[in-house]
Amino acid sequence: RYEPTWGSLDARPLPAWFDEAKFGVFIHWGVFSVPSFGSEWFWWYWQKEKREPYVKFMDANYPPGFSYEDFGPLFTAEFFDPNQWADILKASGAKYVVLTSKHHEGFTLWGSKYSWNWNAVDVGPKRDLVGELATSVRNRTDLHFGLYHSLFEWFNPLFLEDATNAFNTSKFPTSKSLPELYEIVTKYQPEIIWSDGDGNAPDTYWNSTGFLAWLYNDSPVRDTVVTNDRWGAGSICAHGGFYTCSDRYNPGHLLPHKWENCMTIDRSSWGYRRDARLRDYLPIEDLVKQLAETVSCGGNLLMNIGPTHDGRIAVVFEERLRQVGSWLKVNGEAIYGTKPWRAQNDTVTPGVWYTFTPKEGKVNAIFLNWPVSGILELGEPRAKPGETQVKLAGYRELLKWVALGEKGMVIALPQLTPQQMPCQWGWTLQLTDVD
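Residues numbered from 1 in each chain as written. Predicted model: local features only at pLDDT ≥ 70, side-chain atom pairs only at ≥ 80, totals over all residues. Heavy atoms only, no water.

Identification of the protein chain as alpha-L-fucosidase from Loxia curvirostra is taken from an unreviewed UniProt entry. Word for word, the UniProt comment on the protein chain under Function (unreviewed entry) is "Alpha-L-fucosidase is responsible for hydrolyzing the alpha-1,6-linked fucose joined to the reducing-end N-acetylglucosamine of the carbohydrate moieties of glycoproteins." (UniProt positions renumbered as here; feature names shortened; annotations may be inferred.)

A. Examining the packing of aromatic side chains more closely. By the definition in use, this model includes 53 aromatic pairs. With a centroid separation of 6.0 Å and an interplanar angle of 55°, the aromatic rings of F26 and Y148 are classed as tilted. Placement of the pair is F26 in strand 1 (residues 23-27) and Y148 in strand 3 (residues 144-150), with a sequence separation of 122 residues. One cation-aromatic arrangement involves R12 over Y216; the distance from NZ or CZ to the ring centre is 4.0 Å. For the cation-ring pair, R51 lies above Y45, with the distance from its terminal atom to the ring centre recorded as 3.6 Å. (Phe/Tyr/Trp six-rings, centres within 6.5 Å; stacked < 30°, edge-to-face > 60°. Helix = DSSP H or I, 4+ residues; strand = E, 2+ residues; numbered from the N terminus. Lys NZ or Arg CZ within 6 Å of the ring centre and 35° of its normal.)

B. Local environment of the sheet that holds strand 4 (residues 192-196). With parallel pairing, seven strands are arranged side by side in an open sheet as 5-4-3-2-1-7-6. If you trace the sheet from one side to the other, it starts and ends with strand 5 (226-227) and strand 6 (259-264), each paired once. Docked against the sheet, helix 11 (residues 284-296) engages strand 1, strand 6 and strand 7 (299-305), running at close to 150° with respect to strand 7. (Pairing = 2+ DSSP bridges. Contact = heavy atoms within 4.5 Å. Axes fitted to C-alpha atoms, helices over the stretch in contact; angles between N-to-C directions.)

C. Highlighting the nonpolar core. Counting residues in hydrophobic clusters, the biggest one holds 125 residues, and the most contacted among them are L378, I411 and L429. Two domains share this core, each providing at least three of its residues, namely domain 1 (6-334) and domain 2 (339-432). If we ignore the near neighbours within four places in the chain, the residues touching L429 are V363, N364, A365, F367, L376, L378, V390, K391, L392, L399, I411 and L413. (Core = buried A, V, L, I, M, F, W, Y, C linked by side-chain atoms within 4.5 Å. Buried < 20%, exposed > 50% of the residue type's maximum accessible area, 1.4 Å probe, protein only. Domains from an automatic or database assignment.)

D. Structural view of the UniProt feature "domain: Glycoside hydrolase family 29 N-terminal" (unreviewed entry) in the protein chain. UniProt marks residues 1-333 with the feature "domain: Glycoside hydrolase family 29 N-terminal" (unreviewed entry), using the numbering shown here. Structurally, residues 1-333 is divided into 36% helix and 12% strand, and its ends, taken at the C-alpha atoms, are 36 Å apart.

E. Structural detail: the sheet that holds strand 13 (residues 409-412). The antiparallel open sheet is built from three strands, whose spatial order is 10-13-12. This sheet does not close on itself; its edge strands, each paired only once, are strand 10 (375-378) and strand 12 (401-403). Across this sheet, the average inter-strand angle for adjacent strands is 15°, counted without regard to direction. When strand 12 meets strand 13, the two strands line up antiparallel, connected through three bridges. By the bridge assignment, A403 is partnered in strand 13 with M409.

F. View of the UniProt feature "site: May be important for catalysis" (unreviewed entry) in the protein chain. UniProt records the feature "site: May be important for catalysis" (unreviewed entry) at C262, using the numbering of this structure. Relative to the helices and strands, C262 resides in strand 6. Look past the residues within four positions of C262 in its chain and what remains in contact with it is F26, W194, R230, S246, D247, R248, Y249, W270 and L302.

G. Representation of the environment of L158 in the model. By secondary structure assignment, the location of L158 is in helix 7 (residues 157-164). When the C-alpha atoms of L158 and K171 are compared, they prove to be 6.1 Å apart, with 13 residues separating the residues in sequence. Leaving out residues up to four positions away in the same chain, L158 has contacts with K171, F172 and S175.

H. Quick look at the state of the cysteines. Taken as a whole and judged by the stated rule, the model has one disulfide. With no disulfide of its own, C262 has C245 as its nearest cysteine by sulfur position, at a separation of 9.9 Å. With a relative accessible area of 0%, C262 lands in the buried category. Just so you know, C297 is unpaired, no disulfide at all, and the nearest cysteine sulfur is the one on C245, 13 Å from it. (Disulfide = S-S within 2.5 Å.)

I. Focus on the side chain of S177. With respect to the helices and strands, the residue S177 is situated in helix 8 (residues 171-188). S177 has contacts with K102, H149, S150, L151, F172 and W206, leaving out every residue within four places of it along the chain.

J. Layout of the domain arrangement of the protein chain. Assigned domains of the protein chain: these are domain 1 (6-334) and domain 2 (339-432). Here domain 1 and domain 2 have C-alpha centroids that lie 36 Å from each other. Opposite the 20 residues of domain 1 that make contact, domain 2 presents 21 residues. Summing both sides of the interface, domain 1 and domain 2 together bury roughly 1,700 Å²; the carbon and sulfur share of this comes to 65%. Area buried by domain 1 at its contact with domain 2 is led by S296, E333 and A334, which between them contribute 30% of it. Inspection of the region where domain 1 meets domain 2 yields two salt bridges. The residue K362 makes a salt bridge to E333 at a minimum N-O spacing of 2.9 Å. Taken together, the links from domain 1 to domain 2 amount to eight residue pairs in polar contact (both at pLDDT 80 or more). The element best represented in the side of domain 1 that touches domain 2 is helix 11, accounting for eight residues. By residue class, the composition of the side of domain 1 that touches domain 2 is nine nonpolar, six polar and five charged. (Buried area = accessible area lost by both parts, 1.4 Å probe. Salt bridge = Lys/Arg side-chain N within 4 Å of Asp/Glu carboxyl O. Polar contact = N/O pair within 3.5 Å; in protein donor to acceptor, adjacent residues only side chain to side chain. Nonpolar A, V, L, I, M, F, W, Y, C, P; charged D, E, K, R; others polar.)

Printed below as a string of structure tokens:
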């Protein structure tokens, strides 16, 4: 059994499925999807920081005295079809999904008895959005279902009172935050708890170690659940399950601890923005690059989309997810279930990232640029004449190659028309019998 101490909890082995999965989809959805302007931090930027674009937006579009709470009934989700969402998630090639069950605004996407009249069953959709998506994902896909949960809430009077008392009182965690966590775990049995938003309070205020000890010892998901590292000020990148370290974290080198790069397709926001321009969305080439870099350095990629207030996954997000899925259909062997190789990227040719498939002893070289010459030089692999074989994923015939002294090789790529290419944005060479 795990003790409620970081020493004990950090020693828990991470369930194997998470490292093998490599790729997940993050979904930021909530009342912030109604104004859908600027950022999912809309309430904070408008009311607390009084940022000019947000104040002007409200003045121009809403009557005087309109409060953030008035957005609640407008969060309608009338087009939310959880089966359609599940089908898009499946098509993306993702192996897990993480939904925001509650963001810093405090609005819960399930009918929480600890969030009276500020939840999706009492206000707005009048539906259990968490439960509906969990059911569809489990019925229609093999994805692991996970939930994001914000520890703190920007404007909750109990939290503000505790903060004023320098967190020497704990009214908010004991009456709101912790009961919600126990509630979502018991009710929905998520296999990921993605905690966030410590409100600058230490983990002792949140009783994070107490909750995690219960989660790992006695909860219905004790054997399969994974957690992140956001459990109080000072715990990020130091304690918990996998490390996130910061948003859009991509170190570019191998880390000794399992980590995740959580990032957004919309460069500027996690929630849906009506004011987004096409250039704000990362192109598929960038997403494939991030996936290859992240996995080669031992990480998982958690790629975020923001649905609309009426429950649609915008067409641009759907397209990006389906593009990643089509790329993974061809190159998935270089991603799923792989381990980092002795080199993460190539020393001679930029834009080449390595992974290792232990079962077959294959080294995968993911290259992001197809050389004009048709010749690809790799500086890292040590090839063995007569033994080493080189294949292009999605192409039948073996490729010709020449060794460069003790280390490195030159590979002749097949001459293909654009229609004959196995995929469009990044390709994989599978090398067997190399050191």
